[in-house]
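A look at the structure
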Amino acid sequence: QTCHGGTSCHLLDLIEKSNKQDVPTPSPTMAPVTREDPSNNRFCGTSWTDAAENCTLDNHCPGNECPSGKICYGGISACNAYDLTASPTKQPTPEPTRSPSLTPTAPTAAPTSVPSTTTKAPVTELPTTSP
């Protein structure tokens, strides 16, 4: 494994995988995360530029872990996971909203096949102040 600027590297991370299973891992904590937490500026990418240009919650790597082929880069100050929101779901809501319109709307007339060239408003040289 390689250590990059803005990330925290630990001896445990540098031990070969075959030896890693013999070393107990620390228990995770659920400490509150603030906007200023440096882990909010870590994102996975194939390069620092790639990580900076594709900073999303899916690419966020607060624990320095990324999918194969990507590295966790820190110090991406233009992106902060604290400010990112999850993408909306693609699943529609089960029912429509229950807020009816104030008054029913009348159906509109069908469009004509030939556009009209006349206007219904009077033509004046000065702007009108009422419809």
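Relevant structure appears above.
Residues numbered from 1 in each chain as written. Predicted model: local features only at pLDDT ≥ 70, side-chain atom pairs only at ≥ 80, totals over all residues. Heavy atoms only, no water.

Before going further, it helps to spend a moment on the state of the cysteines. Per the stated rule, a full pass over the model turns up three disulfides. At a sulfur-sulfur separation of 2.0 Å, the disulfide partner of Cys-44 is Cys-66. Disulfide Cys-44-Cys-66: the torsion about the S-S bond is -90°, which places it as left-handed. With Cys-44 in strand S1 (residues 43–45) and Cys-66 in the loop between helix H3 (48–53) and strand S2 (71–73), this pair connects stretches of sequence that are 22 residues apart. On the accessibility criterion, Cys-44 (3% relative accessible area) is buried. One disulfide bridge connects Cys-61 with Cys-72, the sulfur atoms lying 2.0 Å from each other. What sets the handedness of the Cys-61 and Cys-72 disulfide is the S-S torsion sign, and at about 85° it is right-handed. In this pair, Cys-61 is assigned in the loop between H3 and S2 and Cys-72 in strand S2, connecting sequence segments 11 residues apart. By the burial criterion, Cys-61 is buried, and Cys-72 matches it. (Disulfide = S-S within 2.5 Å. Helix = DSSP H or I, 4+ residues; strand = E, 2+ residues; numbered from the N terminus. Buried < 20%, exposed > 50% of the residue type's maximum accessible area, 1.4 Å probe, protein only.)

On to the pattern of salt bridges. Under the criterion given, the structure shown has one salt bridge. Notably, a salt bridge pairs Asp-83 with Arg-35, separated by 2.4 Å at the nearest N-O pair. Placement of the pair is Asp-83 in the segment after S2 and Arg-35 in the loop between helix H2 (17–20) and S1, with a sequence separation of 48 residues. Of the residues examined, Asp-83 reaches a relative accessible area of 42% and is grouped as partly exposed. (Salt bridge = Lys/Arg side-chain N within 4 Å of Asp/Glu carboxyl O.)

What follows deals with the side chain of Asn-80. If you trace the backbone, Asn-80 turns up in the segment after S2. Engagement of the side chain of Asn-80 in a polar contact is seen with the backbone oxygen of Arg-35, the distance being 3.0 Å. Within the structure, Asn-80 has its side chain in polar contact with the backbone nitrogen of Tyr-82 (distance 2.9 Å). Residue contacts for Asn-80: discarding those within four places in its chain leaves Arg-35, Asn-40 and Asn-41. (Polar contact = N/O pair within 3.5 Å; in protein donor to acceptor, adjacent residues only side chain to side chain. Contact = heavy atoms within 4.5 Å.)

Residue position: Glu-53 is located in helix H3. Put simply, Glu-53 and Cys-79 are 26 residues apart on the chain and 9.0 Å apart in space, counted from C-alpha to C-alpha.

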